Amino acid sequence: MPARLALLDSRPALSDLDGTTLEHWAETNGQPRYRARQLYSALHRRYVQSLDEVTELPVALRSALVQDYRVRTLETRVHLRSSDRSEKVLFGLADGQTVETVLIRGRNAGGTRRNTVCVSSQVGCPAGCTFCATGLSGFGRNLTGSEIADQVIYFAHQLALEGDRVTNVVYMGMGEPLLNVGAVSASVERLTDAKGINLGRRSITISTVGIVPQLRRFSEWAGQTNLAVSLHAPNDELRSRLVPYNRHFPIADLIAAVRDYTDETRRRVSFEYVLLHGVNDSMEIGRGLVALLKPFGGYAHVNLIPWNPFRDGHFVRSEGPDADAFAGLLRAGGLRATIRYSRGLDISAACGQLRERRSG
Ligand code: SAH
Ligand code: SF4
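Residues numbered from 1 in each chain as written. Chains lettered and ligands numbered in written order. Predicted model: local features only at pLDDT ≥ 70, side-chain atom pairs only at ≥ 80, totals over all residues. Heavy atoms only, no water.

> Please clarify how the domain arrangement of the protein chain should be interpreted in this entry.
Interfaces are often sized by the accessible area lost when the parts come together. Under the domain assignment, the protein chain is made up of domain 1 (12-68) and domain 2 (75-359). The straight-line distance from the C-alpha centre of domain 1 to that of domain 2 is 35 Å. Contacts between the two partners involve 11 residues from domain 1 and, on the opposite side, 12 residues from domain 2. Summing both partners gives a buried area of about 970 Å² for domain 1 against domain 2, and 48% of it is carried by carbon and sulfur. Of all residues in domain 1, S15, Y47 and Q49 bury the most surface against domain 2, accounting for 51% of the area lost on that side. In this assembly, domain 1 and domain 2 are joined by 6 residue pairs in polar contact (both at pLDDT 80 or more). Grouping the constituent residues of the side of domain 1 that touches domain 2 by class yields 4 nonpolar, 3 polar and 4 charged. (Domains from an automatic or database assignment. Contact = heavy atoms within 4.5 Å. Buried area = accessible area lost by both parts, 1.4 Å probe. Polar contact = N/O pair within 3.5 Å; in protein donor to acceptor, adjacent residues only side chain to side chain. Nonpolar A, V, L, I, M, F, W, Y, C, P; charged D, E, K, R; others polar.)

> Just checking my understanding: could you explain the packing of aromatic side chains for this structure?
Within a pair of aromatic rings, the relevant descriptors are the distance that separates the centres and the angle that separates the planes. Summed over all chains, the structure comprises 9 aromatic pairs. With 5.4 Å between their ring centres and 65° between their planes, F271 and F296 make a pair best called edge-to-face. Of this pair, F271 sits in strand β10 (residues 269-275) while F296 sits in the loop between α12 (283-293) and β11 (300-306), and the two are 25 residues apart along the sequence. Here F271 falls in the buried class, since its relative accessible area comes to 1%. The buried category is assigned to F296, whose relative accessible area is 3%. Each ring, one from W307 and one from F315, has its centre 5.8 Å from the other, and the planes form 70°; the classification is edge-to-face. (Phe/Tyr/Trp six-rings, centres within 6.5 Å; stacked < 30°, edge-to-face > 60°. Helix = DSSP H or I, 4+ residues; strand = E, 2+ residues; numbered from the N terminus. Buried < 20%, exposed > 50% of the residue type's maximum accessible area, 1.4 Å probe, protein only.)

> Is there a simple way to think about the nonpolar core in this case?
Across soluble globular proteins, nonpolar side chains have a tendency to be buried as a group. Ranked by size, the top nonpolar core spans 85 residues in total, and within it F131, Y171, F271, L293 and L330 carry the most contacts. Looking at this core, the element that brings in the most residues is helix α6 (residues 145-161), giving 8 residues. Other than its neighbours up to four places away in sequence, L330 contacts G286, L289, V290, V302, L304, L335 and A337. Residues L14, L39, A42 and L65 belong to the second largest nonpolar core, which totals 18 residues. (Core = buried A, V, L, I, M, F, W, Y, C linked by side-chain atoms within 4.5 Å.)

Okay, here's the thing in C-alpha cells:
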C-alpha cells in the first residue's frame, strides 16, 4: 500500500483551472497575462496532454509549471484497440481510482464520419442493475466535471493528430449521470464552451436509469442535450428485478416525468432496452412496451441493445432472430425501434462491459 500511495499525484490539474485562475497564476509569477491566455488556448483548443506540446511558452516557464501542476486530471493506464476500430482507455485518477472511456467510430446516415466518445460519470455505480458489469462492481465515487471533460479531450487530442475530431459524446460509460448532476452539467458546460472544444448540445446524449427528481429538472440543467432513458421492462415487477432503483422511482412516475419533458421541449427521447433472452424479450412483454410507449407518438425511439455478456453475468443475450422479432413487434405497434449491436466486444468496451477486463 505505501508504494501505491507514493505514486499518487497531489498536484492540481491545469485543465481544472478557469481562465481567471490562470491569469492570477501568471500575475503572481511575474508573467504577462497573455501567457495565461496561451496556456488556456493550448489546453482547451489544442487539447494538449503534456506541457512539452506548449512550445509557445518558454522552457523555463514550462519547467516551473510542471513543479506545481499536472496537465490533466487523468493519466492513461491502458489503451486497447478493437478490431472494429473502437478504442477503450483505462484512466487513473489522482486518488488512484480508475475509470474507462470508449471511442466508437462510425458513420452518419449521410456517410460523414461520426466519432462518439462514451464517457463515465462515476467510478462504478450505486444503482446495481443486475445485468450490468459496472452495477455489479459497486460504487467508488463521483467524478468531477474536469475528470469527465478530460475523457473527451483525450480522444479529441488523438483524433486531431489523425486530422479528425470528436463529433458526439454519450454519457453511457460507468455510472449514473443523474446521481452526479453538478459535475455532469459542469462537464457539459466545458464541452460546449465556444472558447474550448465547442461541441453542440445536440450532439451530446445523457443516459439515465431514471432518477425522477433530477429528470424532472433535466431541461433546466442540461438544456438542449439529448435524453436517453434506460427502461428495460414495461412493468414494475420485472423492472425492479433488473433495475433496483425502480423501487424508488416506479415506471408510472418515470414515464410521467419523461412525458412532461417531451410535452415541454418537443424533443425526442430514446428509451434504451437491453434484450435479455427469456427475461424481457417475449411477445407479451413487447406488447406491454407498445402500450406503455404508444402515447409518446413520434417522440419515443426505442434502442434495443442485445445484452453483452461478461464474467459472472447471469443472462443470455437475445440473438438475431429474437431481437428482430421483438423489434418487428414494436414497429408493428407504431413505435420507432432500432437494434443497436454494440461495438468493441473483443476489448470489453461494449455497453455494460466496462470494468470487465483489466490489463496492466
Ligand atoms: N447509468 C446510465 C448510463 C450508463 S449505462 C444508464 O443506465 O442509462 C449505459 C447503457 O448501457 C444503459 O442503457 C444500460 O442499460 C446499458 N447496459 C448496461 N449493461 C449492459 C450489458 N451488459 N449489455 C448491454 N447493455 C448494457
Ligand atoms: Fe449504473 Fe447504468 Fe449500469 Fe444501471 S445500467 S448499474 S445505472 S451504469
